[in-house]
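So the chains spell out like this:
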Amino acid sequence: MGKLIIFSAPSGSGKTTVVKHLLSVMPDKMAFSVSATTRKPRPGEENGREYHFLEFDDFEKRIENNEFLEHEEVYAGVLYGTLWSEVHKIWDSGKAVVFDVDVQGGLNLKRRFKQDALAIFLRPPSVEVLMERLRKRSTEVEHHLQERIAKANHELSFENQYDVVVVNDVLEDTLKTCEKLVTDFLNKP
Ligand code: ADP
Ligand code: 5GP
């Protein structure tokens with residue numbers, strides 16, 4: 001078993017941005033756990049790269065077959081989950097696994113793997129800024145956007161259960177802080 005680096009935060013807080021950066025500067029040390037989801041790909045997303053995009057029935061079958069390390073209905077009727085096969089593949093290559101999972105999924109992973117996991121909560125400077133970033137990303141239709149914002153307030157109440165909270169205000173500072181946190185964690189015996 002290897003190490004785990006978990007990023008959780010409300011949608012739009014910057015997880016994807018931070019994770020992509022870390023993977024680009026430390027590609028030999030870590031790899032991204034490509035989750036499975038039943039949501040449809042966004043423009044530019046590729047099956048097997050951002051997510052394994054599965055039909056609902058297929059996802060449910062895999063739950064029954066115990067193929068998931070964890071899974072959540074993150075939004076009403078939309079399933080997301082971490083496949084054991086992804087995690088084992090990355091550990092077998094000698095790297096740490098990086099997760100971009102919802103707050104509940106992140107806490108479940110942390111509880112299970114304890115000191116082998118670093119759980120980072122990425123917080124937006126405010127809910128207003130979060131809304132602005134989500135709107136600017138313009139990947140969500142309005143009712144999905146409302147659902148994500150409604151969920152954000154609930155998710156923000158879990159931040160103190162994480163190992164560390166990073167406020168993603170100035171992106172450059174956030175990237176530096178996360179690089180240091182992850183490097184220190186990976187260097188720990
Ligand atoms: P998540 O993966 O948590 O949903 P993203 O990484 O997609 O969030 O970020 C949401 C949007 O906010 C993206 O358009 C991203 O470019 C932008 N963004 C991320 N961090 C910052 C920041 N510190 N300042 C301004 N915009 C940011
Ligand atoms: P998005 O649809 O914006 O890509 O992701 C929506 C939410 O689902 C994000 O909070 C993301 O972290 C979460 N998510 C993505 N993959 C997984 C997963 O495998 N498990 C869990 N629990 N949440 C996930």
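Quick summary incoming for the structure in this document.

## Topic: the pairing of strand β5 (residues 68-75)
Counting buried residues along β5, six of its eight residues qualify, which places the element largely inside the surrounding structure. Bridging between β5 and strand β6 (residues 78-83) involves six bridges; their strand directions are antiparallel. Each residue of the ladder has a partner; that of glutamate 73, found in β6, is leucine 79. Count of turn residues in the β5/β6 antiparallel hairpin: two residues, of which glycine 77 carries a positive phi of about 80 degrees.

## A word on the environment of valine 166
Turning to its location among the elements, valine 166 is positioned in strand β9 (residues 164-167). Distance from valine 166 to leucine 122, taken between C-alpha atoms, is 5.0 Å for residues 44 residues apart in sequence. Not counting residues within four places of it along the chain, the set of residues in contact with valine 166 comprises Ile120, Phe121, Leu122, Arg123, Thr174, Thr177, Cys178 and Leu181.

## Quick notes on a negative patch on the surface
Together, Glu55, Asp57, Glu60 and Glu64 line one region of the surface with negative charge. Residue position: glutamate 64 is located in helix α2 (residues 56-64). Residue classification places glutamate 64 among the exposed positions, given a relative accessible area of 65%.

## Points about the site of ligand 2
The environment of ligand 2 is formed by 17 residues, the closest being Ser35, Arg39, Tyr51, Tyr80 and Asp100. Serine 35 has a polar side-chain atom sitting 2.7 Å from an oxygen atom of ligand 2. Taking glycine 81, its main chain carries an N or O atom lying 3.2 Å from an oxygen atom of ligand 2. Within the complex, the protein chains bury 96% of what would otherwise be the 520 Å² of accessible surface of ligand 2.

Rules used throughout
- Residues numbered from 1 in each chain as written.
- Chains lettered and ligands numbered in written order.
- Predicted model: local features only at pLDDT ≥ 70, side-chain atom pairs only at ≥ 80, totals over all residues.
- Heavy atoms only, no water.
- Buried < 20%, exposed > 50% of the residue type's maximum accessible area, 1.4 Å probe, protein only.
- Helix = DSSP H or I, 4+ residues; strand = E, 2+ residues; numbered from the N terminus.
- Pairing = 2+ DSSP bridges.
- Contact = heavy atoms within 4.5 Å.
- Patch = residues over 30% accessible without salt bridge, like charges linked within 9 Å, V, L, I, M, F, W, Y side chains within 5 Å.
- Areas by Shrake-Rupley, 256 points an atom, 1.4 Å probe, with all protein chains shown as cover.
- Salt bridge = Lys/Arg side-chain N within 4 Å of Asp/Glu carboxyl O.
- Lys, Arg positive; Asp, Glu negative; His and termini not counted.
- Charge placed at Lys NZ, Arg CZ, Asp CG, Glu CD.
- Near = heavy atom within 4 Å.
- Polar contact = N/O pair within 3.5 Å; in protein donor to acceptor, adjacent residues only side chain to side chain.

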